[in-house]
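Each chain, letter by letter, is given below.
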Amino acid sequence: MDLFEKVSEDIKAAMKAKDRERLDALRGIKKEFIEGKTAPGADGQLTDDAALKILVKMAKQRKESAEIYNSQNRPDLAQAELAQAAVIEEYLPKQFSDEELTEQIKKIIAETGASSPKEMGKVMGVATKALAGRADGKAISAKVKELLNGN
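Computed from a prediction, not measured in an experiment: that's the story for all the values here. (Residues numbered from 1 in each chain as written. Predicted model: local features only at pLDDT ≥ 70, side-chain atom pairs only at ≥ 80, totals over all residues. Heavy atoms only, no water.)

## Some thoughts on the pattern of salt bridges
Worth spelling out the cut-off: Criterion for a salt bridge: a side-chain nitrogen of Lys or Arg within 4 Å of a carboxyl oxygen of Asp or Glu.
Inspection of the entire model under this criterion finds 14 salt bridges. Measuring nitrogen to oxygen at the nearest pair gives 3.1 Å for the salt bridge that ties Asp 76 to Arg 74. Because the salt bridges share partners, they merge into one network encompassing Lys 31, Glu 32 and Glu 35.

Spelled out as structure tokens, the structure:
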């Protein structure tokens, strides 16, 4: 069962359970998936890789919105955004811990042969593709910079 089908099944379960918050989040995911299927060049298909990219983007947007709401002293709205982000993250692969991320980036640095901060772009290109969905872009960038400066 691909992610699209899983979300559709989970929508039915949330309806039966009358879980309004979860249902809203799942409907938002399905809407984005349908838009992804109908996007130019998609040919009516949505691969799990494309779906993961959509989910990562959605989770990031919800967290950023929550930060903005918190800074504007609107914890009620921030809580709703964080609840949706939690539902979205259920469909993402397990995120790397700091140690796992360091280990993965060290391997990528060794593969690319990078040895100075000037070669950060080369490492980032490989790292963002290899670690997509498993680590945040900011975390990857910070770790690459740290490791290249430490060499």
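## Structural notes on the packing of aromatic side chains
As a reminder, the rule being used: Side-chain rings of Phe, Tyr and Trp, where Trp is taken by its six-membered ring, are said to pair if the distance between their centres is within 6.5 Å; with planes under 30 degrees apart they count as stacked, over 60 as edge-to-face, and otherwise as tilted. Only DSSP runs of H or I with at least four residues qualify as helices, and only runs of E with at least two residues qualify as strands; both kinds are numbered from the N terminus onward. A 1.4 Å probe rolled over the protein chains alone gives each residue an accessible area, and that area as a share of the maximum for its type sets the label: buried under 20%, exposed over 50%, partly exposed in between.
Evaluated as defined, the whole model comprises one aromatic pair. Geometrically, the ring pair formed by Phe 4 and Phe 33 is tilted, given 6.4 Å between the ring centres and 35° between the ring planes. Placement of Phe 4 in helix α1 (residues 3-17) and of Phe 33 in helix α2 (residues 20-38) is noted, with a sequence separation of 29 residues between them. Phe 33 shares its class with Phe 4; the two are buried.

## Some words on helix α3 (residues 48-71)
Keep this limit in mind: Each residue after the first adds 1.5 Å to the expected span of a helix. Two residues form a contact once any of their heavy atoms are found within 4.5 Å.
The terminal C-alpha atoms of α3, which comprises 24 residues, lie 35 Å apart, in line with the 34 Å expected from a rise of 1.5 Å per residue. Within α3, burial applies to Ala 51, Ile 54, Leu 55, Met 58, Ala 59, Arg 62 and Ala 66. Turning to α3, the residues buried within the fold contact α1, α2 and α4 (75-89). Phi turns positive one or two residues past the end of α3, at Asn 73, with a value near 60°.

## A few points about the side chain of Thr 112
Filter applied, for reference: Between N or O atoms, a polar contact is any pair within 3.5 Å; within protein, one atom must be a potential hydrogen donor and the other a potential acceptor, and residues adjacent in sequence are included only when both atoms are from side chains.
Relative to the helices and strands, Thr 112 is located in helix α5 (residues 98-112). Polar side-chain contacts of Thr 112 include one of 3.2 Å to the backbone oxygen of Ile 109. Ignoring any residue separated from it by four or fewer positions in sequence, one finds Thr 112 in contact with Lys 122, Val 123 and Val 126.

## Topic: α4
Between its terminal C-alpha atoms α4 stretches 20 Å, which fits the 21 Å expected from 15 residues at 1.5 Å a residue. Listing the buried residues of α4 in full gives Ala 78, Glu 81, Ala 83, Ala 85, Val 87 and Ile 88. Of the surrounding elements, those touching the buried residues of α4 are α2 and α3.

## Remarks on the nonpolar core
Threshold: Remark: nonpolar core denotes a set of buried residues (Ala, Val, Leu, Ile, Met, Phe, Trp, Tyr, Cys) joined through side-chain atoms within 4.5 Å.
Core analysis: the largest hydrophobic core is formed by 20 residues, its most contacted members being Val 7, Leu 26, Ile 29, Phe 33, Leu 55 and Tyr 91. Among the secondary structure elements, those contributing two or more residues to this core are α1, α2, α3 and α4. With sequence-adjacent residues up to four places away left out, Phe 33 is seen in contact with Leu 3, Phe 4, Val 7, Leu 46, Ala 51, Ile 54 and Leu 55. Listed in part, the 16 residues of the second largest apolar core include Leu 101, Ala 114, Ala 127 and Leu 147.

## Description of the environment of Met 58
For Met 58, the position within the fold is in helix α3. For the pair formed by Met 58 and Ala 39, sequence separation is 19 residues and the distance between their alpha carbons is 17 Å. Beyond its immediate sequence surroundings of up to four residues, Met 58 is in contact with Gly 28, Ile 29, Glu 32 and Ile 88.

## Regarding the packing of α5 against helix α6 (residues 120-130)
Put simply, the rule reads: Here, axes are lines fitted to C-alpha atoms. For helices the fit covers the stretch in contact, and angles between N-to-C directions go from 0 to 180 degrees. Oblique is the label for any angle not covered by the other classes, which are roughly parallel (under 35 degrees), roughly antiparallel (over 145) and roughly perpendicular (65 to 115). Working rule for handedness: look at the near helix, and if it is turned counterclockwise from the far one by less than a right angle, call the crossing left-handed; if clockwise, right-handed. We call Asp, Glu, Lys and Arg charged. Ala, Val, Leu, Ile, Met, Phe, Trp, Tyr, Cys and Pro are nonpolar, and the rest, Gly among them, are polar.
Here α5 crosses α6 at 130°, and the two axes come no closer than 10 Å. Between α5 and α6, the angle falls in the class oblique. Two packed elements cross with a definite hand, and for α5 against α6 that hand is right-handed. Between α5, through Ile 108, Ile 109 and Thr 112, and α6, the contact on the second element is made entirely by Lys 122, Val 123, Val 126, Ala 127 and Ala 130. Residues that form the contact of α5 with α6 fall into these classes: six nonpolar, one polar and one charged.

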